[in-house]
Amino acid sequence: MQLTNRSKQVSNKEMTFMERAYLPAIATGLAITIKHFFTKKVTIEYPEVKRYLGPVFRGRHILKRDADGKERCTACGLCAVACPAEAISMVAAERETGEENLYREEKYAAVYEVNMLRCIFCGLCEEACPKQAVYLRHDEFIPVFTERDQVIWGKDLLVEDMSNRYTREAWTKEEALALDMKRASGEVTNVVPRAIP
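The rules behind these values
- Numbering of residues begins from 1 in every chain and follows the order in which that chain's sequence is written.
- Local features in this predicted model are restricted to residues whose pLDDT is 70 or higher, and side-chain atom pairs enter the listing and the counts only when it is 80 or higher, whereas totals over whole chains, interfaces and linings include all residues.
- The side-chain numbers reported here are obtained from all heavy atoms of the structure, hydrogens and water having been left aside.
- For the purposes of this entry, the term helix denotes a DSSP run of H or I that reaches at least four residues, the term strand denotes a run of E that reaches at least two, and both are numbered from the N terminus.
- Each residue's exposure class comes from its accessible area (1.4 Å probe, protein chains only) as a fraction of the maximum for that residue type: buried when under 20%, exposed when over 50%, partly exposed otherwise.
- UniProt positions are given in the numbering used here, feature names are shortened, and annotations may be inferred rather than shown by experiment.
- Contacts were defined at the residue level, with two residues in contact if any of their heavy atoms lie within 4.5 Å.
- The predictor's confidence in any single residue is recorded as pLDDT, a number from 0 to 100.

**Student:** Explanation requested: unusual backbone geometry in the structure shown.
**Tutor:** Most peptide bonds take the trans form, and the phi angle of most residues other than glycine is negative. Phi angles above zero are rare outside glycine, and Y22 is one such case at about 60°. Structurally, Y22 can be placed in the loop between helix 1 (17–21) and helix 2 (23–37). With a relative accessible area of 52%, Y22 lands in the exposed category. Its identity as a non-glycine residue notwithstanding, A75 has a phi of 55°, on the positive side. Following the sequence through the fold, A75 ends up in the loop between strand 1 (61–63) and helix 3 (78–82).

This is how it looks when you write it as structure tokens:
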């Protein structure tokens, strides 16, 4: 009974002198090595050249702001509950008078922390957020940690900088699907990335 069609018949014939000296095998190996000198390199010079990561890559955490610069997060805690690694912790507080231009809702996250050593970048916090406040950037890596105190990210590192807003072509799955359909039919060829509405 034959289990595969890729089996090879092996012969136990006596090896010749050249085969015993392994010279043909060495020459074949050198020829392959020399051939690779003249092929195009597949490596990239990483710090200078960055590879496109794709729209589904989950990288650096970000707490989004709305168009007026107000924080979207209302400290509901759904992202912390959805996190399987228990990497997110927060402390809720009520907005004081005079802080209307800082926070969108009456309740906000006074402390919002993500433990980057625990985070598995699954994206469940993104999906759980009802206010579209938590996102994992698709265009930016997490920087390398050199000290232990750099792994707990607070609001100072997470809240979006209004001068460098995070943009995407589509912000919801429905938008992305509609955009793919338009591209397939030829209605749309170029889409300008935009900040979340």
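More follows now that the structure is in view.
**Student:** I would appreciate a short explanation of the UniProt feature "binding site: [4Fe-4S] cluster 1" (unreviewed entry) in the protein in the present structure.
**Tutor:** UniProt tags C73, C76, C79 and C129 as "binding site: [4Fe-4S] cluster 1" (unreviewed entry). A stretch of 57 residues holds the annotated residues, and the largest C-alpha distance among them is 10.3 Å, short enough that they meet in one place. Take C76: its relative accessible area is 43%, and that puts it in the partly exposed class. Here C79 is to be found in helix 3.

**Student:** Looking at this structure, how should I read the environment of I44?
**Tutor:** Here I44 lies in the loop between helix 2 and strand 1. Judged by relative accessible area, which is 35%, I44 ranks as partly exposed. Apart from residues no more than four positions distant in its own chain, I44 is found in contact with V49 and R51.

**Student:** For this particular structure, what's the right way to read the confidence of the model for the protein?
**Tutor:** Residues shown with low pLDDT carry predicted positions that ought not to be read at fine detail. Residues at a pLDDT of 70 or more form 99% of the protein, whose mean pLDDT is 86. Across the protein, the secondary-structure element scoring lowest on mean pLDDT is helix 1, at 80, and the one scoring highest is helix 3, at 95.

**Student:** So what exactly am I meant to see when it comes to the UniProt feature "binding site: [4Fe-4S] cluster 2" (unreviewed entry) in the protein here?
**Tutor:** According to UniProt, the feature "binding site: [4Fe-4S] cluster 2" (unreviewed entry) maps to C83, C119, C122 and C125 in the numbering used here. Despite a sequence span of 43 residues, these residues sit close together in the fold, their greatest C-alpha distance being 10.4 Å. For C83, a relative accessible area of 12% puts it in the buried group. Residue position: C125 is located in helix 4 (residues 124–128).

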